[in-house]
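Residue strings, one per chain:
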Amino acid sequence: MPMLPASVPAASPRAPVAAPPALLRGAVLGLACALCVGLFFRNQIANGFTLLLGDRHDAVIALSIMEHWRNVLAGAAEWSRTAYFHPVPHTLGYNDGYFLFGVAYAAFRAIGADPFLAGELTNMAMRAVGFLGMHAACRGVLGLPFGWSLLGAALFTLSNNLFIRASHAQLFSVGFLPVLATLLHAAGSALLGRRPKALLGWGAAFVLLFAAVLMTGFYMAWYFAFLAAATFLAWLALAGGAQRQALAAAVRAAPLPLAALAALAAVANLPFLRLYLPKAAETGMHPWEMALQHTPTLLDVLHVGEANLLFGWLVVLLNGAFRPDFPAWSERMTGLTPVLLLCFAAATVWLWRGAAGPEPVRRAWLQALALATVATWALTLRVGDATAWWLVWNAVPGAKAARVVARYQLVLAMPVIALAVLALSAWARRLPAAALAGVAALLLLEQANGYAPLFLDRPLESSRLRAVPPPPAECRAFWVSAARTESRFGEAVEDPYNHNTEAMLIASVLRLPTVNGISTFNPPGWPAGLPGREGYEAEVAAWAEKHGLTGLCALDLQRMAWRTPAGA
């Protein structure tokens, strides 16, 4: 039993609660998962899925890529070439790939969901994956009892920072990270236990899922690898010589399984590398100034949004006192809740000063995880224009592709929650039950937020999509000749997103490519003008001539009418 920190008052030990039967545990797990996912999507359920996460810009880009994967699975599209930026090859490489999202989305489309509903159901499925993955990680990696694992899974699923930043669907891929952690832990245990078959099985599962997550949402896969590498380096520094020697001996004893896993990793990640490396070289990725703009400050560590149920007042107070011009909505609005941070801090102190027991190997890894969490978090922070992230941005491959560094706090929610709940569970037998229940209630309540980025009007957007008539038979591709003019939630209409994103989804649904499009990065020579503005049609004509396009029709998104090419 781990020792208690001196600062925690001791109570009489309570007898452990008997584990419930497996069938009952399964039912409770399923019910808790459904409840947490339902709470996260409570607004959409209440409005009948009429207002959805995101807006008609970024959310529609994501939907167009998910619809692309539906077409790929149906054999109607090349996997690396989307229906936009026609006819440029490998256009998927200009944005996140959404691969795993696309698989789930295609299933929802197959049972009759429209694109907008299918996208939201996919988001819900990703949160369910996160709940079950975090529960498995708490049970398998941390060895927590069933009830404490439920608390960890609930906190991860309801996490305030993802709730208020959920307008970017790719961030939901954070739900796969606990699954990756569970598989990596199982593979590591098999390696140290000299079980080559188990090493191959768990290792292959990890390698394949990591490759799939990488093709789904680069941010989350890269941040996971970054944190995992930092944890391993911290372990090398903290572990005793005997532990390091044991690992080295285990590696030497498993050359064939490790070589096979390395080969599998190379093959599994080859599609990603062949798709994204040329695009990274073409675009140069994000400039340092953009990354710097989106690195968090110390205040952003606590930035839980002004509408947080318990601590919105604190955000208003701190912003008013130290940065009065800071906007209410920001990409850096990814902080963790105060009670959770306090529990994590206490857990970190406990790991060094109070935790003792028969498992020094496990303790060293937990200490390494805590140290890596704090150290990598500190690397992201900036004071003025000074930040250590500049070293990471320059030295670590892939760092330049991460535009919003503050999103790393979405990933750090996983180890912060895990270690906080681990410490609470260790103290559970000596703390009053009422105190533990109060802390657990506070941890859950502080995840509640009154702000939800619901700016996608499903009835409106679905009606517009249905209003597009079938294209004339002679059309081989299209461009937008007139853009919509209404603004449902104050969206800019004199904006390149306005016509391009709608064209992208129409192209994917109709399986008719468009020269329009907009993405994280755009191809050279892309028609950047706006419909109705001088020079736009000349840009489209130049693009068509450059690429030798024929059968290029115009689509008027005001009258919902097609115009065939002249002389067709």
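Heads up: these notes are all about the structure in this document. The structure displayed is predicted, hence computed values, not measured ones.

## Structural notes on the pattern of salt bridges
For the coordinates displayed, the defined rule picks out 19 salt bridges. A salt bridge links Arg-81 to Glu-78; its shortest N-O distance comes to 3.4 Å. Residue classification places Arg-81 among the partly exposed positions, given a relative accessible area of 29%. Exposure remark for Glu-78: the relative accessible area of 40% places this residue in the partly exposed category. Across the salt bridge formed by Glu-502 and Arg-484, the nearest N and O atoms sit 3.8 Å from each other. With Glu-502 in helix H22 (residues 496-510) and Arg-484 in the loop between strand E5 (477-482) and H22, this residue pair connects regions lying 18 residues apart in the sequence.

## Looking at helix H21 (residues 458-467)
Arg-458, Glu-461, Ser-462, Arg-464 and Leu-465 are the residues of H21 that are buried. For H21, the arc enclosing every buried residue in end-on projection is 160°, short of the 170-degree limit, so these residues lie on one face. Buried positions along H21 lie against strand E1 (51-52), helix H5 (115-140), strand E4 (456-457) and H22. The opening residue of H21, the one whose side-chain oxygen lies 3.1 Å from the backbone nitrogen of Leu-460, is Asp-457.

## Observations concerning the packing of helix H16 (residues 338-353) against helix H17 (residues 360-380)
Direction vectors running N to C along H16 and H17 enclose 135°, while the axes themselves pass 10 Å from each other. Considering the angle they form, H16 stands oblique to H17. Along this stretch, H16 crosses H17, giving a crossing that reads as left-handed. Contacts between H16 and H17 involve Leu-341, Phe-344, Thr-348, Leu-351 and Trp-352 on the former and, on the latter, Arg-363, Leu-366, Gln-367, Ala-370, Leu-371, Thr-373, Val-374 and Trp-377.

## Structural notes on the state of the cysteines
One pass over the full model with this rule turns up one disulfide. The disulfide bridge from Cys-475 ends at Cys-553, spanning 1.9 Å between sulfur atoms. Handedness of the Cys-475-Cys-553 disulfide follows from its S-S torsion of about -95°: it is left-handed. Placement of the pair is Cys-475 in the loop between H21 and E5 and Cys-553 in strand E6 (residues 552-556), with a sequence separation of 78 residues.

Thresholds applied
Residues numbered from 1 in each chain as written. Predicted model: local features only at pLDDT ≥ 70, side-chain atom pairs only at ≥ 80, totals over all residues. Heavy atoms only, no water. Salt bridge = Lys/Arg side-chain N within 4 Å of Asp/Glu carboxyl O. Buried < 20%, exposed > 50% of the residue type's maximum accessible area, 1.4 Å probe, protein only. Helix = DSSP H or I, 4+ residues; strand = E, 2+ residues; numbered from the N terminus. Arc of directions from axis to C-beta. Contact = heavy atoms within 4.5 Å. Polar contact = N/O pair within 3.5 Å; in protein donor to acceptor, adjacent residues only side chain to side chain. Axes fitted to C-alpha atoms, helices over the stretch in contact; angles between N-to-C directions. Parallel < 35°, antiparallel > 145°, perpendicular 65-115°, else oblique. Left-handed = near helix turned anticlockwise from the far one by under 90°. Disulfide = S-S within 2.5 Å.

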